[in-house]
Every structure is written in C-alpha cells, then in structure tokens.
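Per-entry structural report
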Amino acid sequence: MFVRAFSTGRRVLCSLQKLKNLQGKGIKFPLQPIEEFNRYCANANAKPRRPLDRLATGFVFYHETMQQPRAFVNRCPHALLELDFDDSDFFCEGFIHCKAHAAFFDPDTGICLQGPVSTRKELRGLEELEVEVDEENVVLLSERRKAKVSTMPTSNSQQLEDYKRMRKQDLSEALAKRSDTLELIELQHRLHEKTMARLKQYERMEQAMHKPKK
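Reference entry: report on the structure contained in this document. All figures in this text were calculated on a predicted structure; none of them were measured in a lab.

Looking at the sheet that holds strand S7 (residues 104-105)
With antiparallel pairing, four strands are arranged side by side in an open sheet as S5-S6-S7-S8. Each having just a single partner strand, strand S5 (91-92) and strand S8 (112-114) make up the two edges of the open sheet. Here two bridges tie strand S6 (residues 95-97) to S7, and the two strands are oriented antiparallel to one another. Along S7, the bridge assignment pairs histidine 97 with phenylalanine 104. Strands in contact with helix H4 (residues 158-176) are S5, S6, S7 and S8; relative to S8, the strand with the most contacts, it is inclined by about 45°.

Topic: the environment of lysine 28
Here lysine 28 lies in strand S2 (residues 27-30). Overall, lysine 28 belongs to the partly exposed group, its relative accessible area being 23%. For the pair lysine 28 and valine 60, spaced 32 residues apart in sequence, the C-alpha separation works out to 6.6 Å. With near-sequence residues (within four places) excluded, lysine 28 lies in contact with Thr57, Gly58, Phe59, Asn74, Glu82, Asp84, Asp86, Ser88 and Phe90. Looking at lysine 28, its side chain comes within polar contact range of the side chain of aspartate 84, at 3.2 Å.

Examining the state of the cysteines
Considering all chains together, one arrives at zero disulfides under this definition. In this structure cysteine 98 is not part of a disulfide, and its nearest cysteine sulfur, from cysteine 76, lies 3.8 Å away. Note on cysteine 112: no disulfide assigned, nearest cysteine sulfur contributed by cysteine 76 at a separation of 7.4 Å. Its relative accessible area of 2% is what places cysteine 112 among the buried residues.

Focus on the pattern of salt bridges
Tallied over the entire structure, the rule returns eight salt bridges. A salt bridge links lysine 28 to glutamate 82; the nearest nitrogen and oxygen atoms lie 3.3 Å apart. Of the two residues, lysine 28 sits in strand S2 while glutamate 82 sits in the loop between strand S4 (68-73) and S5, which places them 54 residues apart along the sequence. Classification of glutamate 82 by relative accessible area gives buried; the value is 8%. Residues participating in the shared-partner salt-bridge network are Arg10, Glu132 and Asp134.

Some remarks on H4
Here H4 spans 27 Å end to end across 19 residues, near enough to the 27 Å set by a 1.5 Å rise per residue. Regarding H4, the residues found buried are Leu160, Tyr163, Lys164, Arg167, Leu171 and Ala174. Within H4, the buried residues cover an arc of 95° as seen down the axis, which keeps them to one side. Seen from the buried face of H4, the exposed residues on the opposite side, beyond 90 degrees, are Gln158, Arg165 and Ala176. Summarising the contacts, the buried residues of H4 are in contact with S6, S7 and S8.

So, the packing of aromatic side chains
By the definition in use, this model includes five aromatic pairs. Their ring planes at 10° and their centres at 4.0 Å tell us that phenylalanine 59 and phenylalanine 90 sit as a pair that is stacked. Of this pair, phenylalanine 59 sits in strand S3 (residues 57-63) while phenylalanine 90 sits in the loop between S4 and S5, and the two are 31 residues apart along the sequence. Centre to centre, the rings of phenylalanine 61 and phenylalanine 72 are 6.3 Å apart; their planes meet at 15°, and the pair counts as stacked. Here phenylalanine 72 lies in strand S4 and phenylalanine 61 lies in strand S3, a separation of eleven residues in the sequence. The residues phenylalanine 61 and phenylalanine 72 share a single accessibility class, namely buried.

Analysis parameters
In this numbering scheme, every chain counts its residues from 1 along its sequence in written order. For a predicted model such as this one, the threshold for reporting local features is a pLDDT of at least 70, and the threshold for listing and counting side-chain atom pairs is 80 or more; totals across whole chains, interfaces and linings nevertheless cover every residue. Think of the side-chain values as coming from all heavy atoms in the structure, minus any hydrogens and water. Two strands pair if DSSP finds at least two bridges between them. Strands here mean DSSP runs of E at least two residues long; helices mean DSSP runs of H or I at least four residues long; both are numbered from the N terminus. The contact criterion used throughout is that any non-hydrogen atoms of two residues lie within 4.5 Å. Only the stretch in contact is used when fitting a helix axis, every axis being a line fitted to C-alpha atoms; angles between N-to-C directions are given from 0 to 180 degrees. Remark: exposure states derive from per-residue accessible area (1.4 Å probe, protein chains only) relative to the maximum for the residue type, with buried under 20%, exposed over 50%, and partly exposed in between. Two N or O atoms count as a polar contact when they lie within 3.5 Å, although within protein this holds only if one can serve as hydrogen donor and the other as acceptor, and sequence-adjacent residues are included solely when both atoms are side-chain atoms. For this text, the term disulfide refers to a pair of cysteine sulfurs within 2.5 Å. Here, a salt bridge means any Lys or Arg side-chain nitrogen found within 4 Å of an Asp or Glu carboxyl oxygen. By definition here, a helix of n residues has an expected span of 1.5 Å times n minus one. The directions from the helix axis to the C-beta atoms are what the arc is built from. Centre distance within 6.5 Å is the pairing criterion for rings of Phe, Tyr and Trp, where only the six-membered ring of Trp is used; planes under 30 degrees apart are then read as stacked, over 60 as edge-to-face, and the remainder as tilted.

Keep in mind these values describe shape, not function.
Put into structure tokens, the structure is as follows:
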C-alpha cells in the first residue's frame, strides 16, 4: 500500500497551457516537498519514512478527450517502481505504460489493462490524485488518493467488466499496429537493467537508514 505521512494541501503544479503544449506527455512532480520533509526529519522523535515513500512522485497530463488535467501517483503496483524512469514519458500508443515491466493502464480511470511482461497478471489500478484548474493553473488539491474515480464504472459490476474488455481490445489493436517489435524487446532489456539498478539504490538507502549511529 502506498503510504503518505501527511498532506500538503493545495499546490500549483504548472500552467494549464504548458500542460496542453506537451501534447499528451506528462509532468512529474514530488509528492513530498523537500522543505517540509526536512522539517519533518529535523524532529528528533520523528520516525523516518521508507525510502520508497521519500522518493515518491506523481505525474499530471492533459486528457484531450475529457478536456481536463488528470494526475496519478507515479508508481506501478507491480514492483513499486516509477513508471517513467525519469524521462516524464508515461505513454505508449495513448495508454499509460510502465517501462520497467511493460504493464499498461487506462488513462481514463487508471485501471490495469495488461500486467507485467513476465506474467501478464492483471494488477490493481494506479492511485489517482485530485487536481483542478484554478485561474489557468493546474493545482494539486491533496496528496491523498481520490476516494472514487468518477469515470470508472461501479466495481464488480458487469459495466466495469464490459468497459475493461473494450479498453483491452483498444490496447491490443494499438499495439498490433507497431512495427518496431524487436526495438521494443531491446528497450525492455535496457529498462530491466535500470530496474535492477533502482532496486539496489533503494536497498542502499534502506541500509543507511538502519545503520547505527556512532
């Protein structure tokens, strides 16, 4: 489960026009502002947050069909790694794509449409963050996950299953049009190496946190 120790309230992420100009790409932002995290750690009685939580980010993009910004936590439910590997490119053929193990998510709702390449087992969906447009700026309202995605059909309903089936078909058709299959496989190998490097980084941070002070 993705845990955030505290919420920071409203925060301007970017201008709406800047987001539109990206033409489908996203903007990544920290979920925990550095200055607030430093104040938190300065408290001698404060329990440090896990490295994964300290490094947590979100991403926001402009949804052309809905004509509004959407935001999600930048973490794949599979291996708890960032989706983009620091290049802020979250999409493949119009679907949110995890570059670590090739899982795909629906940009409308965040639900998983195709699991990681190793198993293809369906994952839980991405956590949505609440944003709004205020005087031409995109504002993050809270770091807490939205209680319900307004565009998602009711859970465990036939409507939800029909929606997922339709979107999975859309994804399958979009990927079938790609002619660079070998290039994608090569890219996947390179990203896997990055995944292992990122996991080692987390392990080193975890060890440093628990290292006894002299």
